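# Architecture at a glance
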Amino acid sequence: MDEISWREGGRDRSVRWRSEGGAPPPRRVVVADDQTRADDAYRLACEGTALLWRGDFQNARQLLTAMARRIDRPPKRKRGKPEPSGAQAFHLFRQARAQRARTLGMLLIPFDPGHTIPLRRAPDVQEACAEVYGPDDHPYVTSLRELLGLIGAHEWRRKGVPIPALGGDRIHPHHGVFSPVRGEYVDLVNEAPIPPTTTAFDIGTGTGVLAAVLARRGIDRVVATDNDPRALACARENVDRLQVRVDVVQADLFPEGKAGLVVCNPPWLPGKPASPLEHAVYDAGGRMLRGFLSGLPRHLEPGGEGWLIMSDLAEHLGLRTRDDLLALFDESGLRVAGTLDAKPRHPRATDPDDPLHSARAAETTTLWRLVP
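Only a predicted model underlies this, so the values are computations on that prediction, with no experimental measurement involved. (Residues numbered from 1 in each chain as written. Predicted model: local features only at pLDDT ≥ 70, side-chain atom pairs only at ≥ 80, totals over all residues. Heavy atoms only, no water.)

Attention now moves to the pattern of salt bridges. Going through the model one piece at a time under the given rule, you end up with 24 salt bridges. Where arginine 18 meets aspartate 136, a salt bridge forms, and the shortest distance between an N and an O atom there is 2.6 Å. Taken together, the residues span a long stretch of sequence, with arginine 18 in the loop between strand E2 (11–17) and strand E3 (28–32) and aspartate 136 in the loop between helix H4 (126–133) and strand E6 (140–143) at a distance of 118 residues. You'll find arginine 18 and aspartate 136 in the same group, each marked buried. A salt bridge links arginine 100 to aspartate 72, with the nearest nitrogen and oxygen atoms 2.9 Å apart. Highlighted residues: arginine 100 in helix H3 (residues 86–104) and aspartate 72 in the loop between helix H2 (57–71) and H3, separated in sequence by 28 residues. (Salt bridge = Lys/Arg side-chain N within 4 Å of Asp/Glu carboxyl O. Helix = DSSP H or I, 4+ residues; strand = E, 2+ residues; numbered from the N terminus. Buried < 20%, exposed > 50% of the residue type's maximum accessible area, 1.4 Å probe, protein only.)

See the structure below:
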């Protein structure tokens, strides 16, 4: 178990380090409180020194916001320097986001046994922490940024996300499981013509939202697979709450047997995930995409279809071409029987200040109907 160490009150101290995202414990730690200035905190964090908070909890949140403002100041653009290409802009964006996460992750919060925070005006976070960490009877330290993420995830899980394709019923995402806030891909699965079949597979189900939509559309037997224990627990909870007939099973892509409809909404961007949640966004080496396409013909019943739901954002960023995707279809012995398209409705698609605005504005999400 990782620990962090620091000196306080004239003696050396150490305690267990927690990071759900796998961040290593900081090597240098100093004590900070309500007298700590934002400029000093930001400088220390940039230098790799973490600040263990001993002041008022709400003041710690304000300090984190002040540090974020300093990070998010737009850089001065040098005259005559050309604009980066789509791929360069994307990689610079990811580098900046990673650096931002590391810097803001340097503000630390102490915990007493039982997930309680020994600070003034600290909220009750026992339930939110227990959902992710499980029961804990030992003190530990984690970053305030991670804690706020846990609190936010707990609220998503408690309130749920309304899904129009489910008649407004809600899907309740768990921490680390991608929330279906981008509804266009769910709507595509709700609108595409279903081939004659009684069985469907949902590969990489996540929250279980697409499996639930297929069940509501009248498919008798829906099997939803995932390899992440958090996603499996989340999907089972959601299908039970919605009272739909879906079998949720652990599998690396396909379950046993064949189906007349096999649906997959893989991560849309080739790249290495930097956190558990990013596994729903980045597909290193296109592993899931390639695995789904290559295995699809073997798992389709005669006359069946595979539905691949993909955004073309990677194409607009220069990370993959349309010809690359079509070549993968050919290599897998698949042809396109039809497509359905949808434009994104999320706020970043229309935000001119977004670093990837030009690519997001041109983005289209497509449901590819594939047959052998």
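In this section: the domain arrangement of the protein chain. What the domain assignment reports for the protein chain is domain 1 (3–74 + 87–155) and domain 2 (161–371). For domain 1 and domain 2, the distance between their C-alpha centres works out to 34 Å. Taken together, the contact between domain 1 and domain 2 spans 12 residues of the former and 17 residues of the latter. Of the roughly 1100 Å² buried between domain 1 and domain 2, counting both surfaces, carbon and sulfur atoms make up 65%. Considering only the surface of domain 1 that becomes buried against domain 2, Phe90, Phe93 and Arg94 emerge as the three largest contributors, covering 53% of it. Scanning the region where domain 1 abuts domain 2 turns up 1 salt bridge. Among the salt bridges present, the one from arginine 230 reaches glutamate 20, with a minimum N-O distance of 3.2 Å. Linking domain 1 with domain 2 are 3 residue pairs in polar contact (both at pLDDT 80 or more), by the criterion used here. Mapped onto the side of domain 1 that touches domain 2, the elements with two or more residues apiece are H3 and helix H5 (144–159). Per-element tally for the side of domain 1 that touches domain 2: the top contributor is H3, with 6 residues. Of the residues in the side of domain 1 that touches domain 2, the class split is 7 nonpolar, 3 polar and 2 charged. (Domains from an automatic or database assignment. Contact = heavy atoms within 4.5 Å. Buried area = accessible area lost by both parts, 1.4 Å probe. Polar contact = N/O pair within 3.5 Å; in protein donor to acceptor, adjacent residues only side chain to side chain. Nonpolar A, V, L, I, M, F, W, Y, C, P; charged D, E, K, R; others polar.)

For the rest of this paragraph, the subject is the pairing of E3. Regular strands place their side chains on alternate faces of the sheet. Two elements, E3 and strand E4 (residues 49–53), share 5 bridges in a ladder whose sense is parallel. Pairing of valine 29 across the sheet is with alanine 50, part of E4. Each parallel crossover has a hand, and for E3 linked through helix H1 (residues 38–46) to E4 it is right-handed. (Pairing = 2+ DSSP bridges. Right-handed = clockwise from strand over helix to strand, strands pointing away.)

Let us look at the environment of alanine 50. Topologically, alanine 50 is positioned in strand E4. Taking C-alpha positions, alanine 50 is 4.7 Å from valine 29, a pair spaced 21 residues apart along the chain. Alanine 50 has contacts with Pro26, Arg28, Val29, Val30, Met106 and Leu108, leaving out every residue within four places of it along the chain.

This part covers unusual backbone geometry. A positive phi angle, near 60°, is found at histidine 115, a position not held by glycine. Looking at the secondary structure, you find histidine 115 in the loop between strand E5 (107–111) and H4.

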